[in-house]
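Here's the letter readout for the chains.
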There are 2 protein chains.
Amino acid sequence: MEKAFKNEIKSQYPYLCNSKILIAVSGGLDSVVLTHLCNTAKLDFSLAHCNFNLRDEESDADEDFVAALAKNLKVALFIENFDTEKYAKDNGLSTQMAARELRYNWFETLRIKHQFDFTLTAHHANDSLETFFINLIRGTGLEGLSGINADSNYIIRPLLNFSRKEILAYAEENNIPWQEDSTNASTKYLRNKIRHEIVPVFEEINPQFLETFLKTQSHLKENEELIEDYLSLLYPKIIGKTAYGYSLDINYLKKVPNTSAILYQLLKSFGFTEWNDVYHLLDAQPGKMVFSTSHRLVKDRDYLLLTEIDETEDKVYEIAKNEDFAMLPMGTFSFLAVDDIHEKTSNCIYVDPGKLEFPLKVRKWQKGDIFYPFGMKGKKKLSDFFKDKKLSLPDKENSWLLCSGEKIVWVINQRADRRFSITLPNQKIIKITFSL
Amino acid sequence: MEKAFKNEIKSQYPYLCNSKILIAVSGGLDSVVLTHLCNTAKLDFSLAHCNFNLRDEESDADEDFVAALAKNLKVALFIENFDTEKYAKDNGLSTQMAARELRYNWFETLRIKHQFDFTLTAHHANDSLETFFINLIRGTGLEGLSGINADSNYIIRPLLNFSRKEILAYAEENNIPWQEDSTNASTKYLRNKIRHEIVPVFEEINPQFLETFLKTQSHLKENEELIEDYLSLLYPKIIGKTAYGYSLDINYLKKVPNTSAILYQLLKSFGFTEWNDVYHLLDAQPGKMVFSTSHRLVKDRDYLLLTEIDETEDKVYEIAKNEDFAMLPMGTFSFLAVDDIHEKTSNCIYVDPGKLEFPLKVRKWQKGDIFYPFGMKGKKKLSDFFKDKKLSLPDKENSWLLCSGEKIVWVINQRADRRFSITLPNQKIIKITFSL
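Because the structure is a prediction, the values reported are computed rather than measured.

Definitions and limits used
- Residues numbered from 1 in each chain as written.
- Chains lettered and ligands numbered in written order.
- Predicted model: local features only at pLDDT ≥ 70, side-chain atom pairs only at ≥ 80, totals over all residues.
- Heavy atoms only, no water.
- Least-squares fit on C-alpha atoms with pLDDT ≥ 70 in both.
- Contact = heavy atoms within 4.5 Å.
- Core = buried A, V, L, I, M, F, W, Y, C linked by side-chain atoms within 4.5 Å.
- Buried < 20%, exposed > 50% of the residue type's maximum accessible area, 1.4 Å probe, protein only.
- Helix = DSSP H or I, 4+ residues; strand = E, 2+ residues; numbered from the N terminus.
- Polar contact = N/O pair within 3.5 Å; in protein donor to acceptor, adjacent residues only side chain to side chain.
- Domains from an automatic or database assignment.
- Buried area = accessible area lost by both parts, 1.4 Å probe.
- Salt bridge = Lys/Arg side-chain N within 4 Å of Asp/Glu carboxyl O.
- Phe/Tyr/Trp six-rings, centres within 6.5 Å; stacked < 30°, edge-to-face > 60°.
- Patch = residues over 30% accessible without salt bridge, like charges linked within 9 Å, V, L, I, M, F, W, Y side chains within 5 Å.
- Areas by Shrake-Rupley, 256 points an atom, 1.4 Å probe, with all protein chains shown as cover.
- Lys, Arg positive; Asp, Glu negative; His and termini not counted.
- Charge placed at Lys NZ, Arg CZ, Asp CG, Glu CD.
- UniProt positions renumbered as here; feature names shortened; annotations may be inferred.
- Pairing = 2+ DSSP bridges.
- Axes fitted to C-alpha atoms, helices over the stretch in contact; angles between N-to-C directions.
- Parallel < 35°, antiparallel > 145°, perpendicular 65-115°, else oblique.
- Nonpolar A, V, L, I, M, F, W, Y, C, P; charged D, E, K, R; others polar.
- Expected span 1.5 Å × (residues − 1).

### Quick word on the relation of the copies chain A and chain B
It takes a turn of 179° to lay chain A on chain B, together with a shift of 0.1 Å along the axis; the resulting RMSD is 0.3 Å. Put plainly, the chains are arranged around a two-fold axis. Of all interface residues in chain A, 100% are interface residues in chain B too; the two copies therefore contact each other through one and the same surface.

### Considerations on the nonpolar core
Ranked by internal contacts, the top residues of the largest apolar core, which has 89 residues, are Phe133, Leu136 and Ile262 of chain A together with Phe133, Leu136 and Ile262 of chain B. In contact with Leu136 of chain A, other than residues within four places in its own chain, are Leu145 of chain A together with Phe132, Phe133, Phe202, Phe209, Thr212, Phe213 and Thr216 of chain B.

### A look at the side chain of Ser292 of chain A
Residues and elements named next belong to chain A. Of note, Ser292 is situated in the loop between β9 (289-291) and β10 (295-300). Within the structure, the side chain of Ser292 is placed 2.7 Å from the backbone oxygen of Phe270, a separation counted as a polar contact. Apart from the residues lying within four places of it in its own chain, the contact partners of Ser292 are Phe270, Gly271, Phe272 and Ile309.

### A short note on the domain arrangement of chain A
In terms of domain boundaries, chain A breaks down into domain 1 (2-205), domain 2 (220-308) and domain 3 (317-435). A C-alpha centroid distance of 57 Å is found between domain 1 of chain A and domain 3 of chain A.

### A word on the interface of chain A and chain B
Facing 40 residues of chain A, the contacting portion of chain B comprises 40 residues. With both sides pooled, the region where chain A packs onto chain B buries about 3,900 Å², and carbon together with sulfur makes up 71% of that total. The interface formed by chain A and chain B includes two salt bridges. The shortest N-O distance in the salt bridge between Glu204 of chain A and Lys193 of chain B comes to 2.7 Å. Broken down by secondary-structure element, the contributors of at least two residues to the side of chain A that touches chain B are α6 (125-138), α7 (142-145), α9 (185-205), α10 (209-238) and α12 (259-267) of chain A. Per element, the largest residue contribution to the side of chain A that touches chain B is 14 residues, and it comes from α10 of chain A.

### Examining the packing of aromatic side chains
Evaluated as defined, the whole model comprises 37 aromatic pairs over all chains. Ring centres of Trp365 of chain A and Phe386 of chain A lie 5.1 Å apart, and the angle between their planes is 75°; on these two criteria the pair is classed as edge-to-face. Residue Trp365 of chain A is located in the loop between β16 (360-364) and β17 (370-371), and its partner Phe386 of chain A is located in helix α14 (residues 382-388); the two are separated by 21 residues in the primary sequence. The pair formed by Trp365 of chain A and Phe386 of chain A is uniform in burial state, with each residue classed as buried. On the numbers, 4.9 Å between centres and 55° between planes, the contact of Phe333 of chain B with Phe434 of chain B is tilted. Of the two residues, Phe333 of chain B is situated in strand β14 (residues 331-338) and Phe434 of chain B in strand β22 (residues 429-435); the sequence distance between them amounts to 101 residues. The same class applies to Phe333 of chain B and to Phe434 of chain B, which are both buried.

### Observations concerning the pattern of salt bridges
Residues and elements named next belong to chain A. In the structure shown here, the tally under the stated rule is 31 salt bridges over all chains. Between Glu130 and Arg191 there is a salt bridge whose closest N-O contact spans 3.3 Å. Highlighted residues: Glu130 in helix α6 and Arg191 in helix α9, separated in sequence by 61 residues. One exposure class covers both Glu130 and Arg191, and it is buried.

### So, a positive patch on the surface
There is a patch of like positive charges on the surface, built from Lys237 and Lys255 of chain A together with Lys237 and Lys255 of chain B. Position of Lys255 of chain B relative to the elements: it lies in helix α11 (residues 250-255). Among the residues examined, Lys255 of chain B registers a relative accessible area of 64% and is labelled exposed.

### Observations concerning the UniProt feature "binding site: ATP" (unreviewed entry) in chain A
All names here are of chain A. As recorded in UniProt, the feature "binding site: ATP" (unreviewed entry) lies at Ser26, Gly27, Gly28, Leu29, Asp30 and Ser31. Along the polypeptide, Gly28 turns up in the loop between β1 (20-24) and α2 (29-40). With relative accessibility at 0%, the residue Gly28 sits in the buried group. As for its placement among the helices and strands, Ser31 is situated in helix α2. Of note is the side chain of Ser31, whose polar atom sits 3.1 Å from the backbone nitrogen of Ser26.

### Some remarks on the sheet that holds strand β15 (residues 348-351) of chain A
Residue and element names in this part refer to chain A. One open sheet accounts for four strands, arranged β13-β14-β22-β15; its pairing is antiparallel. Strands at the two margins of the open sheet, each flanked by one partner only, are β13 (325-328) and β15. On average, each strand axis in the sheet is tilted by 20° relative to the strand beside it, whichever way the strands run. Strand direction decides the pairing type here: β13 and strand β14 (residues 331-338), joined by four bridges, are antiparallel. By the bridge assignment for β14, Ala326 is matched with Phe333.

### Re the packing of α6 of chain A against helix α6 (residues 125-138) of chain B
Direction vectors running N to C along α6 of chain A and α6 of chain B enclose 170°, while the axes themselves pass 15 Å from each other. Overall, the two elements α6 of chain A and α6 of chain B adopt an arrangement that is roughly antiparallel. Between α6 of chain A, through Phe132, Phe133 and Leu136 of chain A, and α6 of chain B, the contact on the second element is made entirely by Phe132, Phe133 and Leu136 of chain B. When grouped by side-chain class, the residues that make up the contact of α6 of chain A with α6 of chain B number six nonpolar, no polar and no charged.

### Details of helix α2 (residues 29-40) of chain B
Residue and element names in this part refer to chain B. The end-to-end C-alpha distance of α2, which contains 12 residues, comes to 16 Å, matching closely the 16 Å that a straight helix rising 1.5 Å per residue would cover. Among the 12 residues in α2, 10 count as buried, and that is most of the element. Within α2, burial applies to Leu29, Asp30, Ser31, Val32, Val33, Leu34, Thr35, His36, Leu37 and Cys38. Within two residues after α2, Lys42 carries a phi angle of roughly 55°, on the positive side.

### Focus: unusual backbone geometry
The general pattern is negative phi for most residues beyond glycine and trans for most peptide bonds. Residues and elements named next belong to chain A. The step from Phe358 to Pro359 runs through a cis peptide bond, and the omega angle for that step is -5°. Along the polypeptide, Pro359 turns up in the loop between β15 and β16. The residue Lys42 is not glycine, and still its phi comes out positive at about 60°. With respect to the helices and strands, Lys42 occurs in the loop between α2 and β2 (44-51). With a phi angle near 50°, Asn175 is a residue other than glycine that sits in the positive phi range.

In C-alpha cells form, the structure reads like this:
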C-alpha cells in the first residue's frame with residue numbers, strides 16, 4: 001500500500017510534495033495509517049487532534065495516544081478541546097453535526113493561522129460507500145450519492161481510493177497501533193449495520209464491488225458537474241440582484257424545461273427542500289410566500305423575490321433625546337439643529353422638535369398603520385400608500401418607520417408625516433437624515 | 001389498492017380512460033393483478049402474452065392460464081411464440097436481452113397493427129428498486145440509477161408507485177390466482193438475493209425505505225433530465241452532419257467544462273463505453289481511431305468524425321456484361337453506349353469497352369492500390385493520391401473503386417484511370433455514370 005499511496009500522491013496530488021500539510025488525526029485506524037503513510041512519503045506535516053469530550057476517559061486516552069504518535073514522529077501537534085454537547089444545543093445541531101462543524105472550522109482556523117497549504121483527512125472508499133447507503137436510506141438526490149470531493153476548500157482526502165481492508169492490512173503488516181474510532185455512537189450503529197449486513201452481500205455478488213462502486217460514483221460526480229455547468233449558463237438569465245436579496249425571473253423559469261428541478265437546484269443552498277411548494281408559487285397570487293429556515297421567497301408579479309428572514313423583524317429600536325447620531329441595524333440617523341429648510345431630499349426631513357416625544361422609536365410598519373402624509377389632506381392607511389406607490393413586497397417589508405409615541409413621524413426615505421412639520425417662522429428646526 | 005389505482009390513473013394517466021389499451025400479461029402475479037385492476041377501472045383493454053418457449057410445459061401452462069383469464073374477462077388475447085434461444089444466438093444477446101427485445105418489438109407491432117393507443121406493463125416499485133441495486137452492483141451511471149420511465153414510447157407502467165406487498169395483498173384479498181413468474185433464472189437468482197437479503201436490511205433501518213427510494217429516484221430522474229436539457233443546448237454547437245455520419249468540433253469540445261463527461265453523453269448511444277479513450281483522442285495524431293461495436297470515431301484535424309462501421313467493407317460487388325444498370329449498396333451505375341464525349345463531370349467517365357474485362361468489380365480501396373490517373377503521366381499510389389487531395393479519413397474509407405480484373409478503371413467520382421480512356425476516333429464509347 002505504501003507504493004500505491006505514493007503513486008496516488010504523485011498522480012493525483014503532486015503539489016503535496018512541496019506543501020505544508022496539516023493531518024486531522026482522531027487516533028483511529030484510518031487517520032493513524034494516513035499519518036504513517038505521509039511520514040513514509042516524506043511529506044512535511046503536522047497533526048491536529050480534536051478532543052470532543054464526548055466519552056470522558058476514552059476521549060482523553062485518544063488525546064494521549066495522538067500526543068505519543070506526534071512525539072514519536074517528531075512532528076508538531078495541535079490539540080483543541082470542545083464542549084460539543086453545548087455547541088450542539090446552542091446551535092440546534094445533532095451531536096454529530098456539531099462535532100463536524102467544530103472540527104472543520106478549527107482545521108480552517110489552524111490552517112490560516114499557521115500557514116498550512118492543505119488539511120488532509122483519512123476518509124476512504126468504504127466511508128464513501130457507507131455514506132452513499134446512509135443517504136440512500138434517508139432519502140437524497142444526486143448530490144447525496146455522488147460522494148465527497150477528494151479535493152475541496154483546502155481539504156484533501158488522499159485515501160478515498162483505498163479500501164478499509166487495505167488500510168487495516170497495512171496497519172497489521174507494519175505493527176501500527178491505533179485507538180478505536182471515536183465516532184458518534186448512533187452513526188456507528190448505522191455504519192456497522194451497513195458494513196456487516198449490506199456490503200458483504202453486494203461483495204458476494206460482485207467481488208470487485210467496491211472498485212465498481214468507485215467508478216459508478218465518479219460517473220455520478222461527472223453528472224453532477226454537468227448539471228452545475230448547465231446551471232451556471234442559466235443563472236445569469238434567471239437571477240438578478242435586488243436591494244434585499246435576489247429576484248428570479250418567472251417568465252424565464254417557465255420557458256426552460258424542467259422548471260421544478262431548476263428551482264430546486266437554484267434554491268437548495270438557501271435551505272428550501274420542498275420544491276413543489278416553490279414550483280406552485282410560480283402561478284400563485286402575488287404576495288404568496290414560501291419559507292425555508294433562513295429565507296423567504298415571495299411571489300411578486302413577474303418575479304420570485306428571495307430575501308433573508310430578518311430576525312430583528314418585530315424589534316423596536318429607540319433613540320434617546322439629545323443624540324446627534326444613532327447607528328441602528330437598518331442604517332444611521334443624524335439629528336442636526338438648523339435655521340432653515342435648505343434642501344429637500346427623500347433621505348431627510350425637517351421637523352419641529354417641540355412636537356417629538358422621546359425616546360423616538362424606529363420599527364417596521366404593521367397592518368393598520370395610519371399616517372398623515374405631508375403634502376396631502378387627511379390621513380392614509382400605510383398599506384394604501386404602499387399600494388399607490390406600487391412597492392414590491394420586500395420593499396414594503398423593508399420599510400421602516402420613525403415614530404414619536406404611537407404617531408408616525410417619517411416613513412423613512414419615503415414620506416414625512418405633516419403633523420411634525422414646521423408651521424411657524426423662526427421656530428426651532430431639526431433636520432433628521434437617514435443613511436444606509 | 002383498487003381505489004389507489006383508480007386515483008393513480010386519474011391523476012397521472014387520465015387519458016387512459018379514453019384509450020384502447022394492450023396489457024402485457026405473463027401470467028405472473030404483477031401482470032395478472034394489473035389486468036384485474038384495469039378491469040375494475042373499466043378500461044378498454046386486450047391482452048398480449050409472449051411464450052418464449054424457455055421452460056417447456058411451464059411456458060405452455062402460462063399460456064393456458066392467460067387464455068383462461070382472457071376468456072373469463074371476455075377480452076381479446078394475442079399470443080406469440082418465440083424461439084428465444086435462437087434469436088439470442090443469432091443476435092449475440094443474452095437470453096434475457098433477447099426475450100426483452102422480442103417482447104417489446106412484438107408489443108409495438110401489435111400496437112400499430114391493431115391501433116392500440118398504449119401498451120401497459122406491470123413493473124412496480126420493487127422492480128425499480130431491484131433494478132437500481134442490480135445496476136449498482138454491476139457498475140452504472142446516473143441513467144442506471146434513475147429508474148425506468150413510467151411513460152415512454154407508448155409504454156405505460158401504472159404500477160410503478162405500488163409495492164410488491166400491496167400487489168400481493170390485493171391478489172390474496174380478492175382470491176386472484178396467478179402463475180409463478182417466468183423470468184430468466186439467473187436474473188431471478190440475483191433479484192431474489194436483493195429481495196431477501198438486501199432490501200429487508202434497508203427496511204429495518206427505515207421502515208418507509210421503498211417510499212423514500214421512490215422520492216430519491218424521482219430526484220435522480222430530474223437530474224438526468226437537466227443533463228439532457230443541457231446537452232440539447234450544446235449539441236448544435238458541437239455536432240455537425242457529414243456525408244457519412246457526424247462530426248464533433250474538437251475546439252468547441254475543449255472549450256466547454258467537463259469535456260470527458262460531455263463526450264460520454266454524446267457517444268453513449270453509439271455504443272462507446274470507455275470514454276477516457278475517446279477523451280484522449282482529442283489530442284491524438286490525426287488518423288487515430290476508437291471503435292465501439294457499431295461505430296468508429298476518427299480524429300481528423302479539428303474534428304472527431306463519427307461513422308458507422310460498414311460490415312460490407314471487404315465485399316467485392318460484380319457487374320456482368322451487357323447490364324444497363326447495376327444497383328449496388330454504395331450507389332447505382334448506369335452504362336450507356338454513346339457516339340462522342342459530351343460532358344465531363346466527376347460522376348461519369350467515358351471508357352473504351354474493348355479494354356474492359358467482365359464482370360467488372362466494385363470494391364473499397366486497399367493499401368498498396370496503384371492506378372494511372374487520367375491527365376497525369378505515370379502511375380500513382382492511391383494513398384498518395386488521397387493525401388494530395390487532402391481527403392478526410394472517412395472520405396478515404398468511403399472511396400470505392402470500379403475495377404477491370406486487377407486494374408482500377410475509376411476511383412469513383414474522383415478520377416478515371418487513363419488505361420481505359422478513349423484513344424482512337426470513331427471507336428465504341430461507353431459512358432459510365434455513378435449516382436448515389
